[in-house]
Amino acid sequence: MAETPAEVKGLIHYIEPKGEFISFSDEADYIAKGIEWKLFTARSVKRELLYKSGSYQGKVKLAGYEQYGNGLDTIVVEFENGKQSCIHPSYLKEMQSSNFGKELLSGPVAEASAPLTEGEQVTVVQVTESPEQLSEAPKKAKSKSKKAPAKPKLDLPADKVHFTATVKEFTAKMNHFTGEEDEVILLENVKVTTDPELSIGDAWCGYSKTLKKAELEEGDEIEFDGKVVDKKYDKEIRYKVNNPSKLKKTEA
C-alpha cells in the first residue's frame, strides 16, 4: 500500500478580480496576449503556468485580464481549486524561472496534490524528493554556494541631484506590508550629472502617477531630479531613486 503523501501548508494570498474581467475572445487572442506578456512564445504556447508562493508551487491557467490606464494589464489566473487571483504579468513571468523564490523555500519545491475546498487558505502539497535526496540537499547547497565578491558601496549624495538614465523594464515588486504588488521601473546607465558626478549603474524607482503621465517606453533615455538611496530591488539592483521629478525625455 502506498504511503500517504506528506502535507505541507503554504499560504496563498488571493487578490480577487474587482468585477467582470476581460476573457480571451479566441485562441489567437490568448496566444497574442501570452506573447505580449512574455509568458511563452508562438512556438511553445503554454496552457498551464507555475504559481509560486513560499513553500507552495502549483499550476494555474490564464482566465483573462483586467485593463487600466496606458494599456497596462493585470492577469487573472485560475487555480486548480477554481479560485481566481490577479497578478502582474511581469511577476507571473518571474515565477516561471527555476530560481524564483529559492530564498523563500524552507524545504524542497512542492507540488499541489489536492484541490482546496471553499474558504481554505492552506494548500495540500506532495513532496517529490525521497528521504535520501532530502538528507543530501543541504550538503549539495553548501558545496555549491560560492559568494561573488561584493561590489563596493557607493558614496551617495545626501541631497536631491540631477540624473540621466535609460528605461530598462516595467515590472512589479511585491510589497510585503500590503500583500500586493507595486508597479516599478528598472533603470540602467543611471548617472548623477551634478557635481560631483557619479555612475550608479542599475537602479529602480516606483512607477508613480507623475511618471505615468510621461508615457515612458522601454529604451527611452531620460533625465530628472531625484534622491538616490541604498534600498535593494534584488541582489543585482541595490539602489533606488526616490521622488523623481522634472522628468523629460532626452532627444536621440
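Our subject in this report is the structure included herewith. Here the structure is a predicted model, which means the values were calculated and not measured.

### Comments concerning the overall build of the chain
Inference 1: The helix and strand inventory of the chain stands at 4 helices and 11 strands.
Inference 2: With 252 residues in all, the chain has 33% of them scored as buried.
Inference 3: Contacts in the chain between residues far apart in sequence, at least 24 positions, make up 56% of those at least 6 positions apart.
Inference 4: When the accessible surface of the chain is split by element, carbon and sulfur atoms take 50% of a total near 16,300 Å².

### With respect to the pairing of strand β10 (residues 221-230)
Inference 1: Sheet analysis places strand β7 (residues 161-175) next to β10, joined by 6 bridges and oriented antiparallel. Following the sheet pairing, T164 is matched in β10 by E223.

### As for unusual backbone geometry
Inference 1: A cis amide bond links D195 to the next residue, P196, at an omega of 0°.
Inference 2: With respect to the helices and strands, P196 occurs in the loop between β8 (180-192) and β9 (198-206).
Inference 3: The phi dihedral of K38 falls on the positive side, at around 60°, and the residue is not glycine.
Inference 4: Among the secondary structure elements, K38 is positioned in the loop between α1 (27-36) and β1 (49-53).
Inference 5: Here the phi dihedral of E215 falls at roughly 50°; this positive angle occurs in a residue that is not glycine.
Inference 6: Within the secondary structure layout, E215 lies in the loop between α4 (209-213) and β10.

### Describing the pattern of salt bridges
Inference 1: For the coordinates displayed, the defined rule picks out 8 salt bridges.
Inference 2: Between E48 and K59 there is a salt bridge whose closest N-O contact spans 3.9 Å. A residue pair is termed long-range when its members are at least 10 positions apart, and E48 in the loop between α1 and β1 and K59 in strand β2 (residues 56-68) qualify at 11 residues.
Inference 3: On the accessibility criterion, E48 (37% relative accessible area) is partly exposed.
Inference 4: Where K153 meets D230, a salt bridge forms, and the shortest distance between an N and an O atom there is 3.8 Å. Of this pair, K153 sits in the loop between α3 (131-144) and β7 while D230 sits in strand β10, placing them 77 residues apart in sequence.
Inference 5: Within the structure, one salt-bridge network assembled from shared partners comprises K33, E36 and D73.

Parameters and conventions
Residues numbered from 1 in each chain as written. Predicted model: local features only at pLDDT ≥ 70, side-chain atom pairs only at ≥ 80, totals over all residues. Heavy atoms only, no water. Helix = DSSP H or I, 4+ residues; strand = E, 2+ residues; numbered from the N terminus. Buried < 20%, exposed > 50% of the residue type's maximum accessible area, 1.4 Å probe, protein only. Contact = heavy atoms within 4.5 Å. Areas by Shrake-Rupley, 256 points an atom, 1.4 Å probe, with all protein chains shown as cover. Pairing = 2+ DSSP bridges. Salt bridge = Lys/Arg side-chain N within 4 Å of Asp/Glu carboxyl O.

Coordinates in, geometry out; function isn't part of it.
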